[in-house]
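Now for the letters of each chain:
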Amino acid sequence: MAEVTLRVFRGDRDGGKAVDYQVPLTEGMVVLDAIHSIQAHQAPDLAVRWNCKAAKCGSCSAEVNGRPSLMCKTRMDALPHDQPITVYPMKSFPVIKDLATDVSWNYRVNKKIPPFQPRPGVEWKMDQRDVDRVQEFRKCIECFLCQDVCHVLRDHDKKQQFGGPRFFVRSAGLEMHPLDGASRTRMLKEELGIGFCNITKCCTEVCPEEIHITDNAIIPLKERVVDEFYDPVAMIVRKIFGAK
Amino acid sequence: MTASSQHETHEHDVLIIGAGGAGLRAAIEALAQGARVGVVCKSLLGKAHTVMAEGGLAAAMANLDKEDDWRTHFRDTMRGGKLVNNWRMAQLHAQEAPDRVRELEQWGALFDRTENGEILQRAFGGHTFRRLCHVGDRTGLEMIRTLQDRGVHMGFDVYMECTITKLLKDGDRVAGAFGYWRETGKFVTFKAKSIVIATGGIGKSWKITSNSWECTGDGMALAYEAGAELLDMEFVQFHPTGMVWPPGVQGLLVTEAVRGEGGLLRNKNGERFMEKYDPKKMELSTRDVVARSIYTEVKEGRGSPHGGAFLDISHKPAEYVKRKLPSMYHQFKELADVDITKGPMEVGPTCHYVMGGIRVDAETGRSSVPGLFAAGEAAAGLHGANRLGGNSLSDLIVFGRRAGLAAAEHAKKTAAPTLDNSQIEATEREVLAPFARTSGESPYQIHHDLQEMMQNLVGIFRTDEDLRKALAALEKLKARASKMRVEGSRVFNPGWHLSRDLACMLTISEACTHAALARKESRGAHSRLDFPKSEDVWGAKNHVIVNKGGAMTLFEAQRPEMPAELKQILAEDK
Ligand SMILES: Cc1cc2nc3c(=O)[nH]c(=O)nc-3n(C[C@H](O)[C@H](O)[C@H](O)COP(=O)(O)OP(=O)(O)OC[C@H]3O[C@@H](n4cnc5c(N)ncnc54)[C@H](O)[C@@H]3O)c2cc1C
Ligand code: SF4
Ligand code: SF4
Ligand code: FES
């Protein structure tokens, strides 16, 4: 049976090193299968997260050959075998151990976003076309790969000021919900720091759910922020009519 | 120094073990009652098994088929369950599911819509009418995200990546729980007046399964050890359509929505074989029937190249398939190189769901241990001998809510329990023992052998001989497990985690095998080759399993008589 070499990061908060493992290839194998094979036969304490094995839960995020990917969706036969396949934890988050990182910051950001708030007296009817637009955002499986790749978090570590693409997607899903009545523009500007995003689209490129993060979520939200805070006409209208 | 003071302790009125649909719905209800609520889960929040549910949740909303109502849903559920269901649960479930769905919508869930803007419903096996509210084929994700955000904003404390390994008692009553943080390996103790078990299923004891690593029957095993009763453990559902190829994804679910949307099953000769097994309902027959039919076709040499059947939806327009079944489209395209809009999938049975579980009171989810409640897949009764598709997600929200409510009310009436350090110390020793051994097998090897054995001997078709062999094999596996060894440190160590999960799987596998051996008939998901017929005498009985002084003991419980009005509904033909 053909074998491939996986070069896997082994270590914890205090550092670590890459370790090579030889893994027998099987038909249709994905990177997560290879990691499980290492666990079962060579390194039982190799830490990795996974749940669904079907790209539905967003647990198995890692950097495979340098690209942020879901391991359960990355086929071994799509990667070159003449050199070791590298598997590293997501760089934007602190390592706990091996491939498991501390993603708890994301859960704290999520808490800042005001939840769905139906407009008073709404009738619970919606058109599929309006729903379609929002369902795109609700497909998010919280793999945090977009957070991993975004330079504002990855290179500039602005976790205090910036919420990251995942939470723009989340906010867009609420803001554009046909029956929602809350406003999140101030929060987007001041707490999630949407202004830091300079529309590089790297997040969209890695999203396994193919959500058009930049075009469909971030840009429309930026427009809302601009309308609310920098458009003088809108501001005067707001002052006169007391609209939100 | 006492053991409990050596590590962190948290106190709650209601502790919920499990953050799937059932646990989260229970937590929301308990919070609404003013209880201080803690939720513990083995994975990160939002990753519980519920996230994988695809096809939809069943509720007689009658948005499309106006004739539908709770009576028909009740009748379908009872008939699907071959009448050994807890009829009161089936009634409450059918009556309350529509309100629970509306509630999800009011909390922000966005279901697919009908032409006139209502929630769209799709057909599913065993349901008389189009009944499954859905979001494409990612209904579970929508449900878990909605509940998760609701709960987070209401303010429960979440302990994620924390595994409970023991329920603590204060005399007869439950007093708390003991566990470890997966991340650090440190221990943690919870003190609570009420505990709700919502730990989901048991599929990981079988080799071919749609279930994730979490589904190791922990809650059932812990409740059993704490004195609670297990019910109907012989009824394990094999879903007819799991992927059969490539090997790495064997067992992965192919949602029943494929058939609900018009998918056809054929054997290698191109025959729609369901004509032979259930000419009336065909592909939309109940899961037990379809799973056995595929199994039989393969066994008799009419299977597909990788030992399954062909499931084909490619006669529908490609755009329609991609819109209604997007994750199936991607799953096959990316993992199996099959374009389902152009050709058939290969599918075969996969261990999917357990109808059995902790025996509970229908109204409250109360177990026989004071203060201990259960809901969701971990609880038994609603589904009888076979669950209908879509009836699990609705089960989670109907009985999750009821259990959360009852747990909060119980906590209000109860004084704080006292924790017993000797129990904590004993469990600490037990959990750490595999580290101390210098020789012994790895838990992975024992788990592998358990899965192989359960697949072969306690699978779709069962016999007296196989089940006895299984019991003997389980004794050997238990002996091996008592000597297993774990390497490495306590920090995020999957080998160690598996050693704990394995202990639960062994207990639950034994309960399933005992109950399967005792039921000398075939009914729903339980098929005995040596007793192929259903017998009325058995239809009146359920199997209960309890821990009597350390020995697993089984007894028969007579089912209570159904009230006349429900009998009447069942007798009506539709
Ligand atoms: C692929 C797939 C598709 C499905 N599709 C449908 C569908 O379309 N419709 C439908 O009705 N049903 C469907 N089902 C079934 C349904 O999804 C499950 O039965 C249901 O989600 C179970 O929910 P639960 O809340 O009981 O438990 P789960 O969602 O399994 O959650 C269990 C929770 O308990 C926690 N836990 C377990 N053990 C411990 C422990 N020792 N300590 C701490 N926490 C613990 C876990 O971490 C998790 O948070 C599907 C199942 C699968 C596998
Ligand atoms: S588009 Fe914005 S959010 Fe996305 S990666 Fe670039 S900077 Fe980050
Ligand atoms: S938006 Fe896409 S990449 Fe980002 S967390 Fe969600 S699914 Fe992952
Ligand atoms: S394991 Fe769920 S996304 Fe990979």
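Residues numbered from 1 in each chain as written. Chains lettered and ligands numbered in written order. Predicted model: local features only at pLDDT ≥ 70, side-chain atom pairs only at ≥ 80, totals over all residues. Heavy atoms only, no water.

### A short note on the sheet that holds strand S3 (residues 57-58) of chain B
Sheets are built from strands that pair by backbone hydrogen bonding, the pairs being arranged parallel or antiparallel.
Residue and element names in this part refer to chain B.
And step 1. On the basis of which strands lie adjacent, the open sheet formed by three strands has the order S3-S5-S4 and antiparallel pairing. Looking at strand neighbours, the two that pair on one side only are S3 and strand S4 (121-122), the edges of this open sheet.
And step 2. Bridge count between S3 and strand S5 (residues 132-133): two bridges; the pairing is antiparallel. Each residue of the ladder has a partner; that of leucine 57, found in S5, is cysteine 133. (Pairing = 2+ DSSP bridges. Helix = DSSP H or I, 4+ residues; strand = E, 2+ residues; numbered from the N terminus.)

### What about the domain arrangement of chain B?
Residues and elements named next belong to chain B.
And step 1. Looking at the assigned domains, one finds that chain B contains domain 1 (8-235 + 355-412), domain 2 (239-350) and domain 3 (421-547).
And step 2. One C-alpha centre belongs to domain 2, the other to domain 3, and the line joining them spans 30 Å.
And step 3. Along the contact surface separating domain 2 from domain 3 lie zero salt bridges.
And step 4. Considering every element that reaches the side of domain 2 that touches domain 3, the biggest residue donor is helix H9 (residues 287-299), with five residues.
And step 5. Across the side of domain 2 that touches domain 3, the residue classes tally to three nonpolar, one polar and two charged. (Domains from an automatic or database assignment. Salt bridge = Lys/Arg side-chain N within 4 Å of Asp/Glu carboxyl O. Nonpolar A, V, L, I, M, F, W, Y, C, P; charged D, E, K, R; others polar.)

### Some thoughts on the pattern of salt bridges
Residue and element names in this part refer to chain B.
And step 1. Applying the stated criterion across every chain yields a total of 70 salt bridges over all chains.
And step 2. The residue arginine 25 makes a salt bridge to glutamate 103 at a minimum N-O spacing of 2.8 Å. Taken together, the positions of arginine 25 in helix H2 (residues 21-32) and glutamate 103 in helix H4 (residues 87-106) put the pair 78 residues apart, joining distant regions of the chain.
And step 3. Residue arginine 25 is classed as buried on the basis of its relative accessible area, which comes to 1%.
And step 4. With a shortest N-O distance of 3.6 Å, arginine 366 and aspartate 361 are connected by a salt bridge.
And step 5. For aspartate 361, a relative accessible area of 26% corresponds to the partly exposed category.
And step 6. Among the charged side chains, a salt-bridge network with shared partners connects Arg88, Glu96, Glu363, Arg401 and Arg402. (Buried < 20%, exposed > 50% of the residue type's maximum accessible area, 1.4 Å probe, protein only.)

### Thoughts on the domain arrangement of chain A
Residue and element names in this part refer to chain A.
And step 1. The domains assigned to chain A are domain 1 (3-101) and domain 2 (104-233).
And step 2. Between domain 1 and domain 2, the C-alpha centre-to-centre distance is 29 Å.
And step 3. Carbon and sulfur atoms supply 52% of the area that domain 1 and domain 2 bury against each other, a total of about 1,300 Å² over both sides.
And step 4. Per-residue buried area on domain 1 facing domain 2 is highest for Pro68, Ser92 and Phe93; these three make up 41% of the total on that side.
And step 5. Across the pair aspartate 155 and lysine 91 runs a salt bridge whose closest N-O atoms are separated by 4.0 Å.
And step 6. On inspection of domain 1 and its partner domain 2, the count reaches seven residue pairs in polar contact (both at pLDDT 80 or more).
And step 7. Elements represented by at least two residues in the side of domain 1 that touches domain 2 include exactly strand S3 (61-64) and strand S4 (67-70). (Buried area = accessible area lost by both parts, 1.4 Å probe. Polar contact = N/O pair within 3.5 Å; in protein donor to acceptor, adjacent residues only side chain to side chain.)

### Describing the site of ligand 3
And step 1. Taken together, the neighbourhood of ligand 3 is formed by Cys140, Ile141, Glu142, Cys143, Phe144, Cys146, Cys207, Pro208, Glu209 and Ile213 of chain A.
And step 2. Of the residues contributing to the shell around ligand 3, the split by class is eight nonpolar, no polar and two charged. (Near = heavy atom within 4 Å.)

### Here's the deal with the interface of chain B and chain A
And step 1. Each partner contributes to the interface: chain B provides 58 residues, whereas chain A provides 54 residues.
And step 2. It is Lys47, Leu110 and Phe492 of chain B in chain B that bury the most area against chain A; as a group they hold 14% of the surface buried on that side.
And step 3. Our count for the chain B to chain A interface comes out at seven salt bridges.
And step 4. Where chain B meets chain A, there are 32 residue pairs in polar contact (both at pLDDT 80 or more). (Contact = heavy atoms within 4.5 Å.)

### Observations regarding the packing of aromatic side chains
Residues and elements named next belong to chain B.
And step 1. A full pass over the atoms with the stated rule returns 15 aromatic pairs over all chains.
And step 2. A centroid spacing of 6.3 Å and a plane angle of 85° characterise the contact between tryptophan 206 and phenylalanine 238, whose relative ring orientation is edge-to-face. With a gap of 32 residues between them, tryptophan 206 in the loop between strand S9 (187-197) and helix H6 (218-225) and phenylalanine 238 in strand S11 (residues 236-243) connect regions that are remote in the sequence. The same class applies to tryptophan 206 and to phenylalanine 238, which are both buried. (Phe/Tyr/Trp six-rings, centres within 6.5 Å; stacked < 30°, edge-to-face > 60°.)

### Observations regarding unusual backbone geometry
And step 1. Here the residue pair tryptophan 245 of chain B and proline 246 of chain B is connected by a cis peptide bond, since its omega of -5° sits within 30 degrees of zero.
And step 2. Residue position: proline 246 of chain B is located in the loop between S11 and helix H7 (257-260).
And step 3. Its identity as a non-glycine residue notwithstanding, glutamate 142 of chain A has a phi of 55°, on the positive side.
And step 4. Structurally, glutamate 142 of chain A is set in the loop between helix H3 (128-138) and helix H4 (145-149).

### A short note on the site of ligand 2
All names here are of chain A.
And step 1. The environment of ligand 2 is made up of Cys150, His151, Pro165, Cys197, Asn198, Ile199, Thr200, Lys201, Cys202, Cys203, Thr214 and Ile218.
And step 2. Of all the secondary-structure elements, those providing two or more residues to the shell around ligand 2 are helix H8 (202-206) and helix H9 (213-230).
And step 3. Across the shell around ligand 2, the residue classes break down as seven nonpolar, four polar and one charged.

### Quick notes on H4 of chain B
Quick reminder: α-helices carry 3.6 residues per turn. Residues three or four places apart thus point the same way.
Residues and elements named next belong to chain B.
And step 1. A rise of 1.5 Å per residue sets the reference length of H4, with its 20 residues, at 28 Å; its end C-alpha atoms lie 29 Å apart and thus fit the reference within 8%.
And step 2. The N-terminus of H4 is capped by asparagine 86, whose side-chain oxygen sits 3.0 Å from the backbone nitrogen of arginine 88.
And step 3. Glycine 108 lies just past H4 and shows a positive phi near 115°. (Expected span 1.5 Å × (residues − 1).)

### Examining the state of the cysteines
Two cysteines, two sulfur atoms, one covalent bond between them: this is a disulfide.
And step 1. One pass over the structure, following the stated rule, counts zero disulfides over all chains.
And step 2. Of all cysteine sulfurs, the one in cysteine 351 of chain B lies closest to cysteine 215 of chain B, which takes part in no disulfide; the gap is 9.6 Å. (Disulfide = S-S within 2.5 Å.)

### Structural notes on the packing of H3 of chain A against helix H6 (residues 165-175) of chain A
All names here are of chain A.
And step 1. One can describe the packing of H3 onto H6 by two numbers: an axis separation of 8 Å at closest approach and a directional angle of 155°. On the basis of their axis angle, the class for H3 and H6 is roughly antiparallel. By crossing handedness, the relation of H3 to H6 is classed as left-handed. Together, Val134, Phe137 and Arg138 of H3 and Val169, Arg170, Ala172 and Gly173 of H6 make up the contact between the two elements.
And step 2. Classifying every residue of the contact of H3 with H6 gives four nonpolar, one polar and two charged. (Axes fitted to C-alpha atoms, helices over the stretch in contact; angles between N-to-C directions. Parallel < 35°, antiparallel > 145°, perpendicular 65-115°, else oblique. Left-handed = near helix turned anticlockwise from the far one by under 90°.)

### Considering the packing of helix H3 (residues 70-80) of chain B against H4 of chain B
Residue and element names in this part refer to chain B.
And step 1. Contact geometry of H3 with H4 gives a least axis separation of 8 Å together with a crossing angle of 140°. Overall, the two elements H3 and H4 adopt an arrangement that is oblique. In terms of crossing hand, the pair formed by H3 and H4 is right-handed. On H4, the residues touching Trp70, His73, Phe74, Thr77 and Met78 of H3 are Trp87, Ala90, Gln91, His93, Ala94 and Gln95.
And step 2. Of the residues in the contact of H3 with H4, the class split is six nonpolar, five polar and no charged.

### Things to note about the pairing of strand S14 (residues 345-354) of chain B
All names here are of chain B.
And step 1. Summarising burial for S14: 10 of the 10 residues are buried, a large majority.
And step 2. Where strand S13 (residues 309-312) and S14 come together, three bridges link them in antiparallel fashion. Bridge pairing links phenylalanine 310 to glutamate 346 in S14.

### Side note on the side chain of aspartate 180 of chain A
And step 1. Within the secondary structure, aspartate 180 of chain A sits in the loop between H6 and helix H7 (185-191).
And step 2. A distance of 2.9 Å separates a polar atom in the side chain of aspartate 180 of chain A from the backbone nitrogen of glutamine 117 of chain A.

### Brief notes about the sheet that holds strand S20 (residues 551-558) of chain B
All names here are of chain B.
And step 1. Across the sheet, four strands lie side by side as S15-S10-S19-S20; this open sheet has antiparallel pairing. Both edges of this open sheet fall to strand S15 (357-358) and S20, since each of them pairs with a single strand only.
And step 2. By the bridge criterion, eight bridges tie strand S19 (residues 541-548) to S20 in an arrangement that is antiparallel. Bridge pairing links histidine 543 to glutamate 556 in S20.
And step 3. On the sheet, helix H16 (residues 494-518) packs against strand S10 (230-231), S19 and S20 and is oriented at approximately 45° with respect to S20.

### Quick notes on the nonpolar core
And step 1. With 243 residues, the main nonpolar core has Leu6, Ile35, Met71 and Val87 of chain A together with Phe74 of chain B as its most contacted residues.
And step 2. When residues of this core are assigned to their parent elements, the largest contribution, 11 residues, is made by H16 of chain B.
And step 3. Apart from the residues lying within four places of it in its own chain, the contact partners of isoleucine 35 of chain A are Leu6, Val8, Leu46, Val48, Met71, Val87 and Leu99 of chain A.
And step 4. Among the nonpolar cores identified, the runner-up in size contains 10 residues, and Phe178, Phe187, Ile424 and Val431 of chain B belong to it. (Core = buried A, V, L, I, M, F, W, Y, C linked by side-chain atoms within 4.5 Å.)

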